[in-house]
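Summary of the model geometry
This is what each chain is made of:
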Amino acid sequence: MMRPRYGGFRFDRDEILGRADWPAIVPEELWRAVHGILTDPSRRIRWVGRKHLLTGIARCGQCGAPVGTGSKTRAGRVVYVCKQCFGVSRLQAEVDNWVVWRVANALAQPDAWRALMSSSSESAAELREQEAALRSRLVLAADFADGVLTSSQLRTATKRIKRRLADVESQLYGPDGHRYFGDVIDAGDPRAAFHKLPLDRKRALIEAMVTVTIMPIGHGGSKVFDPLMVEILPHNGFVCRP
């Protein structure tokens, strides 16, 4: 959004040199307004992302609050802990491994698409065909490069296709489904694709797929990890087999 070419300017290392020969993607006034907002020093804040897979996602099985993290003083290892009622405490690595294994297996199931799709199985095939056809029509950009379309015609056609494509994908995957799942389930090995995702994508996908609840284990606790004490309830018909 910061690059001058989008506003129709020639530039060198982001320094504007003048109007460009190519068409602007957005009006100059809009580009300058966005550029001004994004370069305003007063809006810069220090943002710290989540460091652990399930903080704020997993729930406490005693009070229902989102769990945070702490550390075991003696062992020096990270634990998920409820900071609301302090009713649960479980080693982070063990819980993460169990949840990741279950979710990865669910993504690899042959019927994973069925849980993702909001449309019926009968209409899904037709919608997928429409999606493919609309994506192929976006190659109009190539025609524009050959001088077949004017820049105005290209913008109008592209907007119309993208609106229709968004509608088809919403019917097919739900409003967020394809953003979360598409590149993983389309992969040759969905398990491997899931494991390679960055932390934020894994978190978003897990939150969309399942509800994770860490259950209290009673007085005295247990030194052995019990997967039954981590409840994983799938959404939308996903099958998270143990």
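Residues numbered from 1 in each chain as written. Predicted model: local features only at pLDDT ≥ 70, side-chain atom pairs only at ≥ 80, totals over all residues. Heavy atoms only, no water.

**Notes on the overall build of the protein chain**
For the record, the criterion: Strands are runs of DSSP state E lasting at least 2 residues, helices are runs of H or I lasting at least 4, and numbering of each runs from the N terminus. Burial classes follow relative accessibility: with a 1.4 Å probe on protein chains only, a residue under 20% of its type's maximum area counts as buried, one over 50% as exposed, and anything between as partly exposed. Accessible surface area values rest on a Shrake-Rupley calculation with a 1.4 Å probe, where residue burial reflects the displayed protein chains alone.
Broken down by element type, the protein chain carries nine helices and eight strands. Buried positions account for 33% of the 242 residues belonging to the protein chain. Entry remark: accessible area of the protein chain is about 15200 Å², with carbon and sulfur atoms responsible for 52%.

**Some words on the sheet that holds strand β7 (residues 210–214)**
To be explicit about the condition: For two strands to be treated as a pair, DSSP must find at least two bridges joining them. Any two residues whose heavy atoms approach within 4.5 Å at even a single point are treated as in contact. With axes taken as lines fitted to C-alpha atoms, and helix axes fitted only over the stretch in contact, angles between N-to-C directions fall between 0 and 180 degrees.
The strand order β3-β7-β8 describes an open sheet built from three strands, whose pairing is mixed. Edge positions in the open sheet fall to β3 (59–60) and β8 (230–234), since each of these has one partner strand only. In this structure, β3 lies alongside β7, joined through two bridges in parallel fashion. The partner of Arg59 across the bridge, within β7, is Thr213. In this fold helix α2 (residues 92–107) packs onto β7 and β8, with an angle of close to 25° to the strand it touches most, β8.

**Some remarks on unusual backbone geometry**
Within the chain, Phe86 stands out as a residue other than glycine whose phi angle is a positive 55°. The exposed category is assigned to Phe86, whose relative accessible area is 62%.

**A few points about the sheet that holds strand β5 (residues 78–81)**
With antiparallel pairing, three strands are arranged side by side in an open sheet as β4-β5-β6. The open sheet terminates on both sides in strands that have one partner only, identified here as β4 (68–71) and β6 (89–91). Taking each pair of neighbouring strands and ignoring which way they run, the sheet shows an average axis angle of 40°. Relative to β5, β4 is paired through four bridges, and the arrangement is antiparallel. Residue pairing for β5: Gly70 is matched across the bridge by Val79. Seen against the sheet, α2 touches β5 and β6 and runs at an angle of roughly 75° to β6.

**So, the nonpolar core**
The criterion, for reference: The term nonpolar core refers to a set of buried residues drawn from Ala, Val, Leu, Ile, Met, Phe, Trp, Tyr and Cys, joined through side-chain atoms within 4.5 Å.
Counting residues in hydrophobic clusters, the biggest one holds 30 residues, and the most contacted among them are Leu54, Val99, Val103, Leu107, Phe194, Leu205 and Ile206. Of all the elements in the fold, those that place two or more residues in this core are α2, α7 (177–185), α8 (190–196), α9 (199–209), β7 and β8. Looking at this core element by element, the count peaks at eight residues for α2.

**Points about a positive patch on the surface**
Where we set the bar: Residues enter patches when they are more than 30% accessible in relative terms and free of salt bridges; like-charged ones are connected within 9 Å and nonpolar ones (Val, Leu, Ile, Met, Phe, Trp, Tyr) within 5 Å. We define a salt bridge as a contact between a side-chain nitrogen of Lys or Arg and a carboxyl oxygen of Asp or Glu at a distance within 4 Å. Only four residue types enter the tally: Lys and Arg on the positive side, Asp and Glu on the negative side, with His and both chain ends excluded. Every charge is mapped to an atom, namely NZ of Lys, CZ of Arg, CG of Asp or CD of Glu.
Where like charges cluster on the molecular surface, the positive patch consists of Arg137, Arg155, Lys159, Arg160 and Arg163. Broken down by element, the positive patch gets its largest block of residues, four residues, from helix α6 (residues 151–173). By the secondary structure assignment, Arg160 is in helix α6.

**Section: the pairing of β7**
The buried fraction of β7 amounts to four of the five residues, a majority that puts the element mostly inside the structure. Note that β7 and β8 share five bridges and pair antiparallel. Its bridge partner being in β8, Thr211 is matched across the sheet by Leu233.

**A short note on the packing of aromatic side chains**
Convention followed: Paired rings are identified among Phe, Tyr and Trp, the last through its six-membered ring, by centres lying within 6.5 Å, and are further divided according to the angle between planes into stacked (under 30 degrees), edge-to-face (over 60) and tilted (the rest). Only Lys NZ and Arg CZ are tested; either one counts as a charge over a ring when it is within 6 Å of the ring centre and within 35 degrees of the ring normal.
Under the counting rule described, the total for this entry stands at one aromatic pair. An angle of 15° between the planes, with centres 5.8 Å apart, marks the rings of Trp98 and Trp101 as stacked. Pair noted here: Trp98 and Trp101 are both in helix α2, with a separation of three residues, about one helical turn. Its relative accessible area of 17% is what places Trp98 among the buried residues. Looking at Trp101, the relative accessible area reads 42%, which means it is partly exposed. Between the NZ or CZ atom of Arg19 and the centre of the ring of Phe9, over which it lies, the distance is 4.7 Å. The lysine or arginine in question, Lys202, covers the ring of Phe194, its NZ or CZ lying 6.0 Å from the ring centre.

**Some points on the layout of surface pockets**
The cut-off we apply is this: Computed over the protein atoms alone on a 1 Å grid, cavities are sets of points where a 1.4 Å probe fits but cannot get out and pockets are open sets with protein on both sides within 12 Å along at least five of seven lines; a residue lines them when it has an atom within 4 Å of a point. Grid points are joined across faces, edges and corners, and a volume is the space filled by probe spheres set on the points. Under the scheme applied, nonpolar residues are Ala, Val, Leu, Ile, Met, Phe, Trp, Tyr, Cys and Pro; charged residues are Asp, Glu, Lys and Arg; polar residues are all the others, including Gly.
Taken as a whole, the second largest pocket encloses approximately 260 Å³ of empty space. Lining the second largest pocket we find ten residues, and of these Ala24, Ile25, Ser151, Leu154 and Arg155 sit closest to its centre. Of all the elements, α6 adds the most residues to the lining of the second largest pocket, at six residues. Split by residue class, the lining of the second largest pocket holds five nonpolar, two polar and three charged.

**As for the packing of α2 against α9**
Selection rule: Angle categories are assigned with fixed cut-offs, so that under 35 degrees is roughly parallel, over 145 is roughly antiparallel, 65 to 115 is roughly perpendicular, and the rest are oblique.
Where α2 contacts α9, the axes come no closer than 11 Å and their chain directions differ by 75°. Viewed along their axes, α2 and α9 adopt a mutual orientation that is roughly perpendicular. Residues Val99, Val103, Ala106 and Leu107 of α2 touch α9, and the partners they reach there are Leu205, Ile206 and Met209. Residues of the contact of α2 with α9, tallied by class, amount to seven nonpolar, no polar and no charged.

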